[in-house]
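Letter by letter, the chains look like this.
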Amino acid sequence: MSASPLVIGAGHNGLTAAFYLARAGLRPIVLESRDVVGGAAVTEEIAPGFRSALAHATGPIREAVVRDMQLARRVEFVRPDPRLLALSPDGRALAFSTDTARTADAIRPFSEADAARYAEFCATLERLGAFLGGLLEMTPPSLSAPAGAELWDLLKVGRRFRGLGKTDGFRLLRWLPMAVADLVAEWFSSDPLVAAIAARGIFGTAQGPWSAGTGAVLLLNAATDPAPGGSSVMVKGGAGALTAAMADAAREAGAEIRTGSLVSRVLVRDGRAAGVVLDDGTEVISDAVIANTDPRRTLLQLVDPVELDPGFLTKIRNYRMAGTVAKLDFALSALPAFRAVPRPADLRARLHIGPTIDYLEHAFDASKYGEVSSEPYLDIAFPSVLDPSLAPPGRHVMSVYMQFAPYRLAHGRAWSSMRDTLATTVLRTLERYAPGISSLVEGQRILTPADLESTYGLTGGHILHGEPALDQLFTMRPVLGWAQYRTPIDGLFLCGSGTHPGGGLTAASGHNASREIIRAIKKRRAASA
Ligand SMILES: Cc1cc2nc3c(=O)[nH]c(=O)nc-3n(C[C@H](O)[C@H](O)[C@H](O)COP(=O)(O)OP(=O)(O)OC[C@H]3O[C@@H](n4cnc5c(N)ncnc54)[C@H](O)[C@@H]3O)c2cc1C
């Protein structure tokens, strides 16, 4: 057996896990199917001379990972101020800046009462987020047979929970299962503020603001970045520059990365992982295989079903990962003139379009019936404003996340027939905010959920490797009993966003997983030495 653990996939979590394994002296080999590293965090040409990333903002990346991989030395993180502009159809914008008092000033014209409560809401999110942040860093305990160390960790969680005090403790317990629309309505009443905050509870999900449990999504996101408007930590060169830097860090630590290596099967011998088979038939042998691929792809496609218990297979088949996001990139001849954004420099911020809770819920409604929202929720960035090298001089790139575009369309329609509908719908929506924007389009790249699956390996087109729903989080991510980065196959581990805590471009899953995997590999090798 090779001493080199194999990592399937060079997404940011696979690269993070590989870095830590390499630092522990384990010399991992990363096998990436595409010719480029990064997975969903990649920057590519979208039209001649124009480049854009799939994900235009980071989660942000966990601080310990930024420090250990020396990412601040390798790439330039940009934190625009304002970070988010929530646009109203009446031509106004609510600017969420990095400063709480300034944001409260911006809220005042919409509602005096909301402005007065904003600081208290921020402080509450920060305290609850800090508590949950501790949970994000831990390996979820085994519920059936918790080890001594796990019980100790749980005790510490209990102590920290008590430390929250009665008011925050009750808030946390109430808010997690709540619909985010109800949660935010307990604090605020002005439409742009309520809708922009609530959108954080539905981003990337198959849920609307009135879906139960979207409160938990808001709180989990707040654990990564407590600012109500969400994270706008971006990277010069786009997310692909970040993952290229992560790959450099992993290589320097001793990892080998092989692109163009599509894994077609995980080899299992006597119930234990024994390596992988590539699509050209090459066998790469190892006693440790770490899948950055999502849980369904890993356990339903790469592993022979005879190796898994039928009950476990049923649980994985029931793991929900039908995506709802389409990604559109436009090559523009100039910056569009948004009625609500007089200063072009402010287009460094993300733009939120989804002005009311009703608007967001209607956008979601369509997807329940396999239809594309006719008035979609959009999250937009202009990466070329932050980094002019992404477009030819004077020209710009507009990156748009569009919800809701359900993976499964009604009436058996194929996504290939719907590309133009997506572009037309997005541009028609944007015309209301930036009249004339359509005439600036020189080129476009449209990625449907089907494209996210076929090109980027995101099963179901789900950008988060599985719904962040209450029944698929913490000790239940991906499924109950298997939240500790292990699988029923000895030596086969998971490290991607479909494991706790998931949550986008944070590197948290890869970081947590590497801790458990290093321990398991070292223990096994010591036992067999
Ligand atoms: C359109 C879009 C917008 C997003 N926006 C944001 C955002 O604003 N903020 C945020 O925090 N997050 C965002 N995300 C989510 C975030 O980018 C992902 O959750 C994250 O990048 C997933 O990382 P990962 O390493 O877990 O998996 P992935 O990046 O999916 O990596 C898995 C890797 O495995 C490879 N692979 C698959 N099958 C095989 C195989 N058989 N053999 C070998 N290799 C294989 C894939 O090519 C890929 O490189 C967005 C994602 C998308 C798609």
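Residues numbered from 1 in each chain as written. Predicted model: local features only at pLDDT ≥ 70, side-chain atom pairs only at ≥ 80, totals over all residues. Heavy atoms only, no water.

1. Thoughts on the sheet that holds strand 12 (residues 283-285)
(1) Moving on: Spatially, the three strands line up as an open sheet ordered 10-11-12, and their pairing is antiparallel. The open sheet has two edge strands, strand 10 (263-269) and strand 12, and neither has a second partner. Between one strand and the next, the sheet's axes are offset by a mean angle of 30°, whatever the strand orientation.
(2) Moving on: Bridging between strand 10 and strand 11 (residues 272-278) involves six bridges; their strand directions are antiparallel. Across the sheet, the residue bridging to Arg265 is Val277, located in strand 11. (Pairing = 2+ DSSP bridges. Helix = DSSP H or I, 4+ residues; strand = E, 2+ residues; numbered from the N terminus. Axes fitted to C-alpha atoms, helices over the stretch in contact; angles between N-to-C directions.)

2. Side note on empty space enclosed by the protein
(1) Moving on: One pass over the structure, following the stated rule, counts one cavity of 30 Å³ or more.
(2) Moving on: Roughly 130 Å³ of volume is contained in the largest cavity.
(3) Moving on: The set of elements that each furnish at least two residues to the lining of the largest cavity consists of strand 4 (50-53), strand 8 (234-235) and helix 15 (383-386).
(4) Moving on: Of the residues in the lining of the largest cavity, the class split is 10 nonpolar, six polar and two charged. (1 Å grid on protein atoms, 1.4 Å probe; cavity = no way out; pocket = protein on both sides within 12 Å on 5 of 7 lines; lining within 4 Å. Points joined across faces, edges and corners; volume = space filled by probe spheres on them. Nonpolar A, V, L, I, M, F, W, Y, C, P; charged D, E, K, R; others polar.)

3. Considerations on the pairing of strand 14 (residues 325-332)
(1) Moving on: Burial analysis of strand 14 places eight of its eight residues in the buried class, which makes it a mostly covered element.
(2) Moving on: Judged by which residues are buried, strand 14 turns out to be covered on both faces: Val325, Lys327, Asp329 and Ala331 on one side and Ala326, Leu328, Phe330 and Leu332 on the other are all buried.
(3) Moving on: Where strand 14 and strand 17 (residues 396-403) come together, eight bridges link them in antiparallel fashion. Residue pairing for strand 17: Ala326 is matched across the bridge by Met402.
(4) Moving on: Pairing of strand 14 with strand 18 (residues 441-447), which is carried by six bridges, proceeds in the antiparallel orientation. Each bridged residue has a counterpart across the sheet, and for Ala331 the counterpart in strand 18 is Gly443. (Buried < 20%, exposed > 50% of the residue type's maximum accessible area, 1.4 Å probe, protein only.)

4. A closer look at unusual backbone geometry
(1) Moving on: That bond from Gln403 to Phe404 is cis: its omega, 20°, falls within 30 degrees of zero.
(2) Moving on: In the segment running from His500 into Pro501, the intervening peptide bond is cis, with an omega of -5°.
(3) Moving on: The backbone of Arg27 shows a phi angle near 45°, a positive value even though the residue is not glycine.
(4) Moving on: Within the secondary structure, Arg27 is located in the loop between helix 1 (12-23) and strand 2 (29-31).
(5) Moving on: Look at Arg27 and you get exposed, because its relative accessible area is 52%.
(6) Moving on: If you check the backbone angles, Ala507 has positive phi at about 70° while not being a glycine.
(7) Moving on: Position of Ala507 relative to the elements: it lies in the loop between strand 19 (492-494) and helix 18 (508-528).
(8) Moving on: Ala507 gets classed as buried once you look at its relative accessible area, which sits at 0%.

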